[in-house]
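What follows is each chain in one-letter form.
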Amino acid sequence: MYKFELGNVAAADRFAEKEGIFFQTSAWGGFKDKYGKEYITATDGNGNTVLSCLLFVIKIKCTPWTIGFANRGPVGDMSNKDLLREWTEFMRGYMKKNRMIYFTADPFYTYK
């Protein structure tokens, strides 16, 4: 079971930097000032960070809705089916609570 946390910028930055994904750091988020930002991290039962995501939140004008985009994210082990299942469930709840009608992620993969 994984624990998801919002707003832990330092943990999200450390994990993204360790994985070498600049596009998921607060430094990249600083370039995108016109968008809202949410930093999401997940920890395992031992307290180790296993996933981080810089989520850009874009308000749709004249509506109560938003859309979300994770540029080169989330960062984590995308082959871990349990983590992906729990991440998907977390995002479903987050989207409903925050009136997000669309979310796209584009995790970084290195071709081997």
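No experiment lies behind these values; they were computed from the predicted model shown.

Hey, could you run me through the side chain of Ser-52 in this one?
Along the chain, the position of Ser-52 falls in strand 3 (residues 49-59). With sequence-adjacent residues up to four places away left out, Ser-52 is seen in contact with Ala-12, Phe-15, Ala-16, Gln-24, Ile-40, Thr-41, Pro-74 and Val-75.

Explain the pattern of salt bridges to me, please; I cannot follow it from the model alone.
A pair can form between side chains of opposite charge whenever their charged atoms are brought close. Counted by the stated rule, this structure contains three salt bridges. Here Arg-72 ties to Asp-106 by a salt bridge, and the two come within 3.0 Å at their closest N and O atoms. Placement of Arg-72 in the loop between strand 4 (66-70) and strand 5 (75-76) and of Asp-106 in the segment after strand 6 (100-105) is noted, with a sequence separation of 34 residues between them. On the accessibility criterion, Arg-72 (34% relative accessible area) is partly exposed.

In this structure, what is going on with the nonpolar core? I would like to understand it.
One broad rule of soluble globular proteins: the nonpolar side chains tend to lie buried together. If you look at the biggest cluster of nonpolar residues, it comprises 18 residues, and the most contacted ones within it are Leu-55, Trp-87, Met-91 and Phe-103. Not counting residues up to four positions away in its chain, the partners in contact with Phe-103 are Leu-55, Gly-68, Phe-69, Ala-70, Trp-87, Met-91 and Met-95. Grouped together as the second largest cluster of nonpolar side chains are five residues, Ala-12, Trp-28, Tyr-39 and Leu-54 included.

About the criteria used
- All residue numbers here refer to positions counted from 1 along the written sequence of the relevant chain.
- For a predicted model such as this one, the threshold for reporting local features is a pLDDT of at least 70, and the threshold for listing and counting side-chain atom pairs is 80 or more; totals across whole chains, interfaces and linings nevertheless cover every residue.
- Side-chain measures here rest on the full set of heavy atoms in the structure, leaving out hydrogens and waters.
- A run of H or I in DSSP counts as a helix once it spans at least four residues, and a run of E counts as a strand once it spans at least two, with each numbered from the N terminus.
- It only takes one pair of heavy atoms within 4.5 Å for two residues to be counted as in contact.
- A pair is scored as a salt bridge if a Lys or Arg side-chain nitrogen falls within 4 Å of a carboxyl oxygen belonging to Asp or Glu.
- Accessible area is worked out with a 1.4 Å probe on protein chains only. A residue is then buried under 20% of its type maximum, exposed over 50%, and partly exposed in between.
- Buried residues of nine kinds, namely Ala, Val, Leu, Ile, Met, Phe, Trp, Tyr and Cys, make up a nonpolar core once their side-chain atoms join them within 4.5 Å.

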